Amino acid sequence: MDNITLGLTMTVIGMGVVFSVLALLCIMLIFTNKLFDYFEAKKQAAGEPAEKERPVSLAEKSATVNPEPVQQETVPDMEATPANPGLNPKTVAAIMAAVSVYVGQPAEKFRLTAVRHLSTAAGQGMVWASAGRQELILARQEILNRKGSRKR
């Protein structure tokens, strides 16, 4: 056998082994799923409550955290202030919601003071680069703040 045939044979054997192992893993996962379903059905037949939890959406989580209905407040007309004429209240609400979810704290703890549009002179890549840079700067500041609090 020459080297090309040997290399091709080894490649085919290697691919066969990989696909065989993947098929075996798939069969094992199906079997364990059926096994768990069987034991779950047995528990339910015995009268024990099922332990299977369904996935909970973010809206359901927030509803369980704060079950009271939200009171409507009178908000001053944001469009009447000429500070940023291109920014409507829905955009401000979306920004505040995004910040709240990202930080993991209620939106009431934050106050939106200014909104700046990033320059898109070099296309969309510029926006992503600026966001990445900002995230790195904030991470470094957190590290420095932690080091500073340890020295005291």
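A brief report on the enclosed structure follows. Throughout, a residue's number is its position along its own chain's written sequence, starting from 1. Under the rules for a predicted model, residues below a pLDDT of 70 receive no local features and side-chain atom pairs below 80 are neither given nor counted, while totals for whole chains, interfaces and linings still include all residues. The basis for every side-chain value is the complete set of heavy atoms in the structure, and neither hydrogens nor water enter the calculation.

1. Some remarks on the overall build of the protein chain
Alright, step 1. The way it works is that DSSP assigns letters per residue, a run of H or I at least four long becomes a helix, a run of E at least two long becomes a strand, and they are numbered from the N terminus. Per the secondary structure count, the protein chain includes four helices and zero strands.
Alright, step 2. The order of helices and strands in the protein chain, counted from the N terminus, is α-α-α-α.
Alright, step 3. Here the protein chain holds 152 residues, and the buried ones make up 4% of them.
Alright, step 4. Contacts are assigned to residue pairs with any non-hydrogen atoms lying within 4.5 Å of each other. Within the protein chain, contacts between residues separated by at least 24 positions form 9% of all contacts whose residues are at least 6 apart in sequence.
Alright, step 5. The protein chains shown are the only cover counted for residues, whose accessible areas, like all others here, come from Shrake-Rupley with a 1.4 Å probe. If you sum the accessible surface of the protein chain, you get close to 14,200 Å²; carbon and sulfur atoms cover 64% of it. Relative accessibility under 20% of the residue-type maximum defines a buried residue, over 50% an exposed one, and the middle range a partly exposed one, all with a 1.4 Å probe and only protein chains included.

2. Thoughts on helix H3 (residues 89–103)
Alright, step 1. Between the first and last residue of a helix there are one fewer steps than residues, each counted as 1.5 Å, and that sum is the expected span. Given a rise of 1.5 Å per residue, 15 residues ought to cover 21 Å, and the 21 Å separating the end C-alpha atoms of H3 matches this to within 8%.
Alright, step 2. Restricting attention to buried positions, one finds in H3 the residues Val 92, Met 96 and Ser 100. Projected down its long axis, H3 carries its buried residues within an arc of 70°, all on one side. For H3, exposure combined with an orientation more than 90 degrees from the buried face picks out Lys 90, Val 101 and Tyr 102.
Alright, step 3. Count one or two residues on from H3 and you reach Gly 104, which has phi positive near 85°. The arc in question is formed by the directions pointing from the helix axis toward the C-beta atoms.

3. Here's the deal with the side chain of Ser 100
Alright, step 1. Looking at the secondary structure, you find Ser 100 in helix H3.
Alright, step 2. We call two N or O atoms a polar contact when they sit within 3.5 Å, provided that within protein one can donate a hydrogen and the other can accept it, with sequence-adjacent residues counted only if both atoms are side-chain atoms. A distance of 3.4 Å separates a polar side-chain atom of Ser 100 from the backbone nitrogen of Ala 107.
Alright, step 3. Those residues in contact with Ser 100, other than ones at most four positions away along the chain, are Gln 105, Pro 106, Ala 107 and Phe 110.

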